[in-house]
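# Observations on chain architecture
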Amino acid sequence: MNLDALFDIDTTLNLLELGFVRNALLAGAILGLVSGVLGPLVVARNMSFAVHGTAELAFTGAAAALLLGWSVGTGALLGAVVAALILGLLGQRGSERDSVIGAVLAFGLGLGVLLLSLYPGRASSKFSLLVGQIVGVSSTGIALLSVSALAVILVFALLYRPLLFASVDPGVAVARGVPVRLLTPVFAVLVGIATALAVQIVGALLVLSLMVTPGAAASRVTANPALAALLAVLFAEVAVLGGIVLSLAPGVPISSFVTAISFLIYLVCRFVGGARHRRLVASG
Amino acid sequence: MTHDDRPPALRLRSARLAYGDRVLWDGLDLDVMPGEFVAVLGPNGSGKTSLLRVLLGLQPLSGGEVEIAGAAVRRGSRRIGYIPQQRAVDSTVTVRGTDLVGLGLDGHRWGLGLRGRSDRRRRVRAAVEAVNATGYASRPLGLLSGGEQQRLRVAQALVGSPDVLLCDEPLLSLDLASQRMVSELIAESARGRDAAVVFVTHEINPVLPVVDRVLYLVDGRFRIGPPDEVMTSEVLSELYRTPVRVLRLGDRIMVMAESGHRVDLGGGLETEQPHHVSDETEGRQP
């Protein structure tokens, strides 16, 4: 890539005028909101690998949709929800979860590769499912994205307190009558939907940079659950919107920038969190 | 404590719990009065934790009746506070002491809980003050010591003003000083609110100064009574069906199997050593 292009502000500003770029930014903003809100609990529930597995199956769904001529967004959504249900129901026990995800992920990815090889279309659309793309979020895509995101946020808000209880204090939550076992697959589906949305923007391989990294970063600097969600949203928005804008002029996949910004934020938070940790331990 | 006209906080009548052919206990009658402290002792697998699950409404009885504050038990009852054993909390879990206490108040409710937040904050603050945890309640839970966490657990269990406090080995993995502090805190807080305490433990000594009665369960047999009546060589030998010696050493009780017999005395260890002594060595750790 041409480094000069990265700082070509005129080109960037011109591109920002374009409809498809606006769509991408809107999609990114919605995605940042959803992934940030879910992030801290994804981290608290040790679901990084589950998110990765779900993303691979969203890829399988998207590949199937490509082959069948459906919309990629719908395919990704179906794949992710099926994956989330499988993982949420089969992997209730912590010890088993890891291997269940590994088995399902590998099979799903293999199936996706087969489906893509059968697809006669352009190779670039295949590649973009894995590493993301900037174009291709159509107005109907935005509509699906918005409705899905709204649904995820509404259900999350409704379940918020029992979900937080079950995530940070499962033993007492069970004793208090919280349906902990039921909430696991429900939350997995919420995460699955968010993951499917993310696959369309940053690609299946890099979903973690939005679903996990901002939440993990926020968890390093605060133990306040509400503040953690707020910070995770902020971090995710900076990463995804910043990534899109920076990728415009050089014309490279946005995921490289999204992941880089996200990781940078994470490093800073680790540093700040380490200092905070030492201070708290010293004063205690 | 038992001469009381009030209805019991907890009542078991001919209670039976069996998994298939295996009977954990049968014919269990127990009334626990408001303000009373009952310790539940016995080896692993004797149904101590299952008894708590029954009282929490998570496990139906195989026979008989169980009531909490005059009503049939049900899952998620507001009449019950629950204190678990202390566990290590991951530092990536975003939760502070105050959040933990707050979840004890309304964590079972749907929604974000934006309404009534000032009332919630006031009740959480009062509960935290009542266990003298104000100094560290807003710190990340993962950075607190076991004893500090258990103090907050007491606040979490009491913030909803329950009639019955169910404690599942809350002293496990605490050092000896914290064990004494936490058991006294539980007993004092419960008595101050007239709440009954059912305290499952494998170790009677830390709770001995505050216990009113003991329920000792062994292989489907059980005995209920004041510690002086239950914790004797005669009674425990009968329960374990093997010679067991109970020694009083100052204000401590030591239970040990006679040599040559292997008895699980409740610490989860098949041992000929009196497990209480091994606990004492744990207590010497810094």
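Below is a summary of the structure that appears in this document. (Residues numbered from 1 in each chain as written. Chains lettered and ligands numbered in written order. Predicted model: local features only at pLDDT ≥ 70, side-chain atom pairs only at ≥ 80, totals over all residues.)

## Considering the overall build of chain A
- Each helix and strand in chain A was counted, giving 14 helices and 0 strands.
- Secondary structure elements in chain A, listed N-terminal to C-terminal, are α-α-α-α-α-α-α-α-α-α-α-α-α-α.
- Here chain A has a C-alpha radius of gyration of 19 Å; the compact-globule value for 284 residues is 19 Å, and the two agree.
- Overall size of chain A, expressed as C-alpha extent along the three principal axes, is 55 × 45 × 30 Å.
- The proportion of buried residues among the 284 residues of chain A is 53%.
- In chain A, the proportion of contacts linking residues at least 24 apart, taken out of those at least 6 apart, comes to 76%. (Helix = DSSP H or I, 4+ residues; strand = E, 2+ residues; numbered from the N terminus. Rg over C-alpha atoms; globule rule 2.2 N^0.38 Å. Buried ≥ 20, exposed ≤ 12 C-beta atoms within 10 Å, placed from the backbone. Contact = placed C-beta atoms within 7 Å.)

## Examining the pairing of strand E4 (residues 63-68) of chain B
Residues and elements named next belong to chain B.
- Where strand E1 (residues 10-19) lies against E4, 5 bridges are found, and the strand directions are antiparallel. Looking at E4, one finds that Arg 16 is bridged to Gly 63.
- When E4 meets strand E5 (residues 71-72), the two strands line up antiparallel, connected through 2 bridges. Looking across to E5, one finds that Ile 68 is bridged to Ala 71.
- Counted along the chain from E4 to the antiparallel partner E5, the turn is 2 residues long, and its residue Ala 69 has a positive phi close to 50 degrees. (Pairing = 2+ DSSP bridges.)

## So, the sheet that holds E4(B)
- One open sheet holds the 4 strands; their spatial order is E2-E1-E4-E5 (chain B), and the pairing between them is antiparallel. Among the strands making up the open sheet, the edge pair consists of strand E2 (22-32) and E5 of chain B.

## Notes on the interface of chain A and chain B
- On the chain B side, the residues contacting the 31 residues of chain A number 27 residues.
- For the side of chain A that touches chain B, the secondary structure elements donating two or more residues are helix H3 (19-44), helix H8 (139-168), helix H9 (170-175), helix H12 (213-221), helix H13 (225-248) and helix H14 (254-283) of chain A.
- Taken together, the residues of the side of chain A that touches chain B sort by class into 22 nonpolar, 6 polar and 3 charged. (Nonpolar A, V, L, I, M, F, W, Y, C, P; charged D, E, K, R; others polar.)

## Observations concerning the sheet that holds strand E9 (residues 213-218) of chain B
Residues and elements named next belong to chain B.
- The sheet built from 6 strands is open, its strands ordered E6-E7-E8-E3-E9-E10 with mixed pairing. Each of the sheet's edge strands pairs with one partner strand only, and the pair in question is strand E6 (80-83) and strand E10 (221-225). When the angles between neighbouring strand axes are averaged without regard to direction, this sheet yields 15 degrees.
- Of the strand pairs in this sheet, E9 and E10 are connected by 5 bridges, and their pairing is antiparallel. Opposite Leu 215, over in E10, you have Ile 224 as the bridge partner. (Axes fitted to C-alpha atoms, helices over the stretch in contact; angles between N-to-C directions.)

## A short note on the nonpolar core
- Among the nonpolar cores identified, the biggest contains 182 residues, and A:Phe59, A:Val207, B:Leu55, B:Leu165, B:Val197 and B:Val198 are the most heavily contacted of them.
- A total of 15 residues in this core trace back to one element, the largest contributor, which is helix H10 (residues 180-202) of chain A.
- Not counting residues within four places of it along the chain, the set of residues in contact with B:Val197 comprises B:Phe37, B:Val38, B:Leu165, B:Cys167, B:Ile186, B:Ala187 and B:Ala190. (Core = buried A, V, L, I, M, F, W, Y, C linked by C-beta atoms within 7 Å.)

## Here's the deal with the environment of A:Leu163
Residues and elements named next belong to chain A.
- Looking at the element boundaries, Leu 163 is found in helix H8.
- Given 27 C-beta atoms within 10 Å, Leu 163 falls into the buried group.
- Through-space distance from the C-alpha of Leu 163 to that of Val 178 is 8.6 Å; in sequence the pair is 15 residues apart.
- Residues contacting Leu 163, with those up to four places away along its chain left out, are Leu 41, Leu 183 and Phe 187.

## Remarks on the environment of B:Val131
Residues and elements named next belong to chain B.
- Along the polypeptide, Val 131 turns up in the loop between helix H3 (117-130) and helix H4 (146-158).
- For the pair Val 131 and Leu 152, spaced 21 residues apart in sequence, the C-alpha to C-alpha distance is 7.3 Å.
- Residue contacts for Val 131: discarding those within four places in its chain leaves Arg 151, Val 154, Ala 155, Leu 185 and Ser 189.

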